[in-house]
Amino acid sequence: MPLTTYTAGEVLTAASLNDNFAYAASGGLTFIATGTVTAGSALSFNNCFSATYTNYLITINVSAGTVLSLRLRASGTDISATNYYVAGSYIAAGVQTIINLTAQTSMKLSNGGNPVNVITTVCNPFAAFNTTFTNASQRADSGTFEATGCLYNASTSADGFTIIGTTMTATASVYGYAIS
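Just so it is clear, the model here is predicted, and its values are computed rather than measured.

About the cut-offs
Residues numbered from 1 in each chain as written. Predicted model: local features only at pLDDT ≥ 70, side-chain atom pairs only at ≥ 80, totals over all residues. Heavy atoms only, no water. Helix = DSSP H or I, 4+ residues; strand = E, 2+ residues; numbered from the N terminus. Buried < 20%, exposed > 50% of the residue type's maximum accessible area, 1.4 Å probe, protein only. Contact = heavy atoms within 4.5 Å. Areas by Shrake-Rupley, 256 points an atom, 1.4 Å probe, with all protein chains shown as cover. Core = buried A, V, L, I, M, F, W, Y, C linked by side-chain atoms within 4.5 Å. Salt bridge = Lys/Arg side-chain N within 4 Å of Asp/Glu carboxyl O. Polar contact = N/O pair within 3.5 Å; in protein donor to acceptor, adjacent residues only side chain to side chain. pLDDT = per-residue confidence, 0-100. Pairing = 2+ DSSP bridges. Phe/Tyr/Trp six-rings, centres within 6.5 Å; stacked < 30°, edge-to-face > 60°.

**Student:** Pulling in residues and values, what's your account of the overall build of the protein?
**Tutor:** Scanning the protein from terminus to terminus reveals one helix and 11 strands. Ordering the α and β elements of the protein from the N terminus gives α-β-β-β-β-β-β-β-β-β-β-β. Going through the 180 residues of the protein one by one, you find that 35% of them count as buried. Long-range pairs, those at least 24 residues apart, make up 69% of the contacts in the protein with a sequence separation of at least 6. Summing over all exposed atoms, the protein offers an accessible surface of approximately 8900 Å²; the carbon and sulfur share of this is 58%.

**Student:** I'd like a description of the nonpolar core, backed by residues and values.
**Tutor:** In this structure, Phe49, Phe161 and Ile163 are the most contacted members of the largest nonpolar core, which totals 33 residues. Taken together, the elements giving at least two residues each to this core come down to β1 (29-45), β2 (55-64), β3 (68-74), β5 (84-92), β7 (107-110), β8 (116-123), β10 (145-152) and β11 (160-177). Sorting elements by how many residues they give to this core places β11 first, with six residues. Ignoring any residue separated from it by four or fewer positions in sequence, one finds Phe161 in contact with Leu43, Ser44, Phe45, Cys48, Phe49, Ile58, Leu70, Arg71, Leu72, Arg73 and Val174.

**Student:** Can you tell me about the pattern of salt bridges, naming the residues and giving the values?
**Tutor:** One pass over the full model with this rule turns up one salt bridge. A salt bridge links Arg73 to Asp78, with the shortest nitrogen-to-oxygen separation between them at 2.4 Å. The exposure class of Arg73 is buried, given its relative accessible area of 9%.

**Student:** An account of the side chain of Arg73 is requested, with residue identities and associated values reported.
**Tutor:** Note that Arg73 resides in strand β3. In this structure the side chain of Arg73 is engaged in a polar contact, spanning 3.0 Å, whose partner is the side chain of Thr162. Setting aside residues no more than four positions away along its own chain, Arg73 makes contact with Ser44, Phe45, Asn46, Asp78, Ile79, Ala158, Asp159, Gly160, Phe161 and Thr162.

**Student:** Please provide a residue-by-residue account of the confidence of the model for the protein, values included.
**Tutor:** Averaged over all residues, the pLDDT of the protein equals 85, while 82% of them reach at least 70. Per-element averaging of pLDDT across the protein places helix α1 (residues 14-25) at the bottom with 57 and strand β4 (residues 77-78) at the top with 97.

**Student:** Please set out the pairing of β10 residue by residue, giving values where relevant.
**Tutor:** The alternating pattern of β10 places Glu146, Thr148, Cys150 and Tyr152 on a buried face and Phe145, Ala147, Gly149 and Leu151 on a face that is not buried. Bridging between β5 and β10 involves eight bridges; their strand directions are antiparallel. Residue pairing for β10: Tyr84 is matched across the bridge by Tyr152. As paired elements, strand β9 (residues 131-139) and β10 share eight bridges and run antiparallel to each other. Within β10, the residue paired with Phe133 across the bridge is Cys150.

**Student:** Report on the packing of aromatic side chains, specifying residues and quantitative values.
**Tutor:** The final tally for this structure, using the stated rule, is six aromatic pairs. A ring pair is formed by Phe49 and Tyr56, whose centres lie 4.6 Å apart and whose planes are at 50°; its orientation type is tilted. The exposure class of Tyr56 is buried, given its relative accessible area of 0%. Here Tyr53 and Tyr56 contribute two aromatic rings whose centre-to-centre distance is 6.1 Å and whose plane-to-plane angle is 80°, an arrangement assigned as edge-to-face. Through pairs of rings, three or more aromatic residues link up here, namely Phe45, Phe49, Tyr53, Tyr56 and Phe161.

Listed below in structure tokens is the structure:
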């Protein structure tokens, strides 16, 4: 339903205002799930990707941990084939390091440190088509900033993901980008 516009002197009704509120609420992000792990090595989300949304936002806040990575999941099982092609860069102590495009068994999210804040956008994970990721992380203890991109180069429909670390204390949330 399109947004209703009004002209000067027109009488507004509750029904027309409610329609506009419903229209305005249809855009943006929709919360799907959240999870936490304390002193663990993995945090998995199952059935959070579906045909309802095409793209997703994942936020991760780590208070204690090491190197973080992400794997897609299908039917409750991690997809660990060497189909994750990762490239990017990070800046630490004013020095930029380039991460060359390489095939890996997961997407690297962060080099670790305490605390780490990560924002990842996942495009097209549920469709049986290539999935792309963009990722940014910030380490508060050293000011290190990392930006990576990843292509999962396989036609697998993913319905979830796992965040992997050596030992981490983390909270993660998943949001769907509304299709409007």
